[in-house]
2 protein chains.
Amino acid sequence: MSKATEIIPPELETEDEAYVIDRKAIAAILYAVEIWDQEKLFELMEPLHPADIADILEQINAYDRRRLIELYDKEFDGEILSELKESLREEVIAALKPSVLADAVRDLESDDVVDLVEDLNEPQQEAILDVLEDSDRAAVETSLSYPEESAGRLMQRETAWAPEHWNVGQCIDYLRNAEDLPEQFYHVILVDPKMKPVGNVTLGRIMGARREVMLRDIVEDLFKTIPATQDEEDVAYAFNQYHLISAPVVDESERLVGVITIDDAMAVLDDEHEEDILRLAGVSAEGSLSDKVLETAKQRLPWLAVNLVTAVIASLVIAQFADTIGQFVALAVLMPIVASMGGNAGTQSLTVAVRAIATKDLTGANVWRVIRREVLVGLGNGIAFALVMGGVGLIWFGSMTLAYVIAVAMVINLVVAGLAGTVVPVLLERIGVDPALASGTFVTTVTDVVGFFAFLGLAAVVLT
Amino acid sequence: MSKATEIIPPELETEDEAYVIDRKAIAAILYAVEIWDQEKLFELMEPLHPADIADILEQINAYDRRRLIELYDKEFDGEILSELKESLREEVIAALKPSVLADAVRDLESDDVVDLVEDLNEPQQEAILDVLEDSDRAAVETSLSYPEESAGRLMQRETAWAPEHWNVGQCIDYLRNAEDLPEQFYHVILVDPKMKPVGNVTLGRIMGARREVMLRDIVEDLFKTIPATQDEEDVAYAFNQYHLISAPVVDESERLVGVITIDDAMAVLDDEHEEDILRLAGVSAEGSLSDKVLETAKQRLPWLAVNLVTAVIASLVIAQFADTIGQFVALAVLMPIVASMGGNAGTQSLTVAVRAIATKDLTGANVWRVIRREVLVGLGNGIAFALVMGGVGLIWFGSMTLAYVIAVAMVINLVVAGLAGTVVPVLLERIGVDPALASGTFVTTVTDVVGFFAFLGLAAVVLT
């Protein structure tokens, strides 16, 4: 058993255990691997869902991972690969025997194969495509011809569809005998003679209707088709906004080419959120908890480097007032407060804006009202904290002038924070840059520079 | 037409227009309201989904909102209320005529009514419950007896179920004639004689099977039941992790009491994301873009107040070294750099940890390995930036000693940032506090204090 898993003190276990894989279960699995007991391992892994097995592979260390894969061997299911974080897939695929990999991949649906191979290196991609049957391989290669992160990559090509002039009886007879239906489906898509989708009928309605009822008379009220080139982020938005369960995907001539189901859209929503939350903190969304130290350090370095540049810019502002600080050291003591408050207020505004842009709630229709609101909020809280800090400054350093300087600087910086916190993400979105990625740096640079400049500049004028 | 919507310059429109409601459409709607043309308004609103109408109500100002609701009148659909942000619901409900509200509410499914009334004030809650039929009211009140944000609140009570000993033919005959089926359903839940769910059969399988096949022979491999008291965040996790489409909800004696479908789970996932991302930035998730200035300022104030306290603590550290700063003003110029780098590195670590806790990827099985990794990443990047800043310090101020001081302080602060950024959220989770809510303050306080103390303390020892 690896040392890292042995020494966890029980007090570090989380309270809420729902769906967290039991630490003892992982320890038992690693023990079975340690004593190389394949039968025991199969028995322990049998009740686990592929998603849980993928989580276990992510949580153990690289050495245990390789040994576990080797012992698990032929039982290794293709779905485990689809559920794995991208950053681990190449490592795990490299550890699988070619015959095991081939069996694993052949069981997957076409959309899962696409998701699996799209980010692999060339030789691994080839190895996987080679084991597919010709028809499956063609389906996967067609999907791969759509842009990355598009609906075309996300869809499955197996669809349940029927001509719009059919009645319920014809549809049921067809479904009974069809061979190439998707594993799970919830709607039958009605198409016109040009294969253009014109409506969705739920299986529930079909089941409840008499055989002679026309399918077109029981279509769902709400019907949305998804262009194959649409960004997957917008696909996820549409599913969430309109409570879609499945939606047909169409090519540029509006012909049916596939179908997307809500479980895939939900996974995209979750991924997009991960990307947003990590990007706001200056972390690459490509990384994962199982990455090694060096990789992680490299992923984190660029944003820290950008931050260093902005911090140096703020220092240059301070350096302009070195003489004043030399005379009144209290300024050095108080100046980080103004900058810090501005940075925090700016982060509040920008996070609200970034989230509202992602949910399409911040649009041309309300952007000016939101900007005005954020500026006024900055003004209100600026005045509140100006009074507090003025008081603190007065008591601490006994100088009314200093109190006045910090109060005015606080108001200025919080107003600027509200303004920059909204305008920066809106403009970045406008020029096609992900606001989650870049807003933070811009906004905190602005609040640092304005904070130091307003405070020290005012002090230089008033005190000297 | 309101002024705010008139003056948007076209260059502020977003590039990616998928599913964003056309600004011109909103302008046309507001114009119809302005000239009080009800027929025109109905015509413009007719193609819109209730979720889009809710978005429009959120994006226009309060005056336009009230007038639009008045003119839209009887066409106002109950689903618009379910789709509205919570913070606007009371205002909109108050603006509806009692007869319009009654009609709107009667059309909703029980789970939507629960979601609607649970956060309303007492009189509005009563007004809505009063218009429901007795059986619906009883269903809603039963759901409300479950804890807030639990599966019991999320589920719908209408379910499609069948005894486990039925065959396909019996099931189809039942579904044909049943009156109280849910509007949409995708599985039939098999139950034992004690009403305990024992399996799910998809409608697709039922449709494809011969009438004499036993339902229990075509159940889905994967079957999960959800306890009614389970936290809705865990419900959303289970749907996403196991690709569930619908899952039966059971009471404490494991009897079937309702069903949750994936569209509701997806909405929860999205809400939880919003909560996490806003809480990390110190913004209350209860707020919305349509809140007024005063409300918004009040929501933002508490976290700024906490930040002020931590900023003052950092200032107290600086104050200890006032004499040294008085002698060497360069220290005042450089000290914010060390603190800022620590704050950013800490935010990177803590965001990764908060997200990993939310996705149940950071568990007892790997917490020590992750802590060790974050510390080593801090050490690596600390050394890299120590070299850079040492160089900058040397060139800028021509002092090898100063270069040495800032380099060592940088390494110390980035190591501490990695450590605090992981340990703080893990411990907060352990004691039952949402790590997204409180980690940021703790971690930046630590990195500010350590940053200033290490840099100024070393300087005091070495330079004086």
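What you see is a predicted model; the values in this text were computed from it and never measured. (Residues numbered from 1 in each chain as written. Chains lettered and ligands numbered in written order. Predicted model: local features only at pLDDT ≥ 70, side-chain atom pairs only at ≥ 80, totals over all residues. Heavy atoms only, no water.)

(A) Representation of the overall build of chain A in the model. The number of helices and strands found in chain A is 22 helices and 6 strands. Taking 464 residues into account, the globule formula puts the C-alpha radius of gyration at 23 Å, and chain A, at 29 Å, lies well above it. The dimensions of chain A, computed from C-alpha atoms along their principal axes, are 90 × 60 × 40 Å. In chain A, buried positions account for 58% of the 464 residues. Excluding contacts between residues fewer than 6 apart, the proportion of contacts in chain A whose partners are at least 24 apart in sequence is 67%. Put simply, chain A shows about 18800 Å² of open surface, and 54% of that area lies on carbon and sulfur atoms. Positive and negative side-chain charges of chain A, numbering 34 and 77 respectively, have mean locations separated by a distance of 3 Å. (Helix = DSSP H or I, 4+ residues; strand = E, 2+ residues; numbered from the N terminus. Rg over C-alpha atoms; globule rule 2.2 N^0.38 Å. Buried < 20%, exposed > 50% of the residue type's maximum accessible area, 1.4 Å probe, protein only. Contact = heavy atoms within 4.5 Å. Areas by Shrake-Rupley, 256 points an atom, 1.4 Å probe, with all protein chains shown as cover. Lys, Arg positive; Asp, Glu negative; His and termini not counted. Charge placed at Lys NZ, Arg CZ, Asp CG, Glu CD.)

(B) Just the interface of chain A and chain B, in detail. Taken together, the 140 residues of chain A in the interface contact 140 residues of chain B. Here chain A packs against chain B, burying approximately 12900 Å² in sum over the two surfaces, 64% of which is carbon and sulfur. When the area that chain A buries against chain B is broken down by residue, the three leading residues are Tyr-19, Met-207 and Leu-289 of chain A, summing to 7%. Run the count over chain A and chain B and you get 8 salt bridges. Residue Arg-355 of chain B pairs with Glu-274 of chain A through a salt bridge whose shortest N-O separation is 2.5 Å. At the boundary of chain A and chain B, one finds 53 residue pairs in polar contact (both at pLDDT 80 or more). Per-element tally for the side of chain A that touches chain B: the top contributor is helix α19 (residues 330-358) of chain A, with 17 residues. Broken down by class, the residue content of the side of chain A that touches chain B amounts to 80 nonpolar, 32 polar and 28 charged. (Buried area = accessible area lost by both parts, 1.4 Å probe. Salt bridge = Lys/Arg side-chain N within 4 Å of Asp/Glu carboxyl O. Polar contact = N/O pair within 3.5 Å; in protein donor to acceptor, adjacent residues only side chain to side chain. Nonpolar A, V, L, I, M, F, W, Y, C, P; charged D, E, K, R; others polar.)

(C) View of the packing of helix α4 (residues 50-59) of chain A against helix α15 (residues 232-242) of chain B. Contact geometry of α4 of chain A with α15 of chain B gives a least axis separation of 8 Å together with a crossing angle of 95°. Relative to α15 of chain B, α4 of chain A is oriented roughly perpendicular. Judged by residue contacts, Ala-51, Asp-52 and Asp-55 of chain A of α4 of chain A engage Tyr-237, Gln-241 and Tyr-242 of chain B from α15 of chain B. Considered class by class, the residues forming the contact of α4 of chain A with α15 of chain B number 3 nonpolar, 1 polar and 2 charged. (Axes fitted to C-alpha atoms, helices over the stretch in contact; angles between N-to-C directions. Parallel < 35°, antiparallel > 145°, perpendicular 65-115°, else oblique.)

(D) Expanded view of a negative patch on the surface. On the surface, Glu-86, Glu-90, Asp-119, Glu-148, Glu-149, Asp-231, Glu-233, Asp-271 and Glu-286 of chain A cluster together into a negatively charged patch. Assignment of secondary structure puts Asp-271 of chain A in helix α16 (residues 262-280). (Patch = residues over 30% accessible without salt bridge, like charges linked within 9 Å, V, L, I, M, F, W, Y side chains within 5 Å.)

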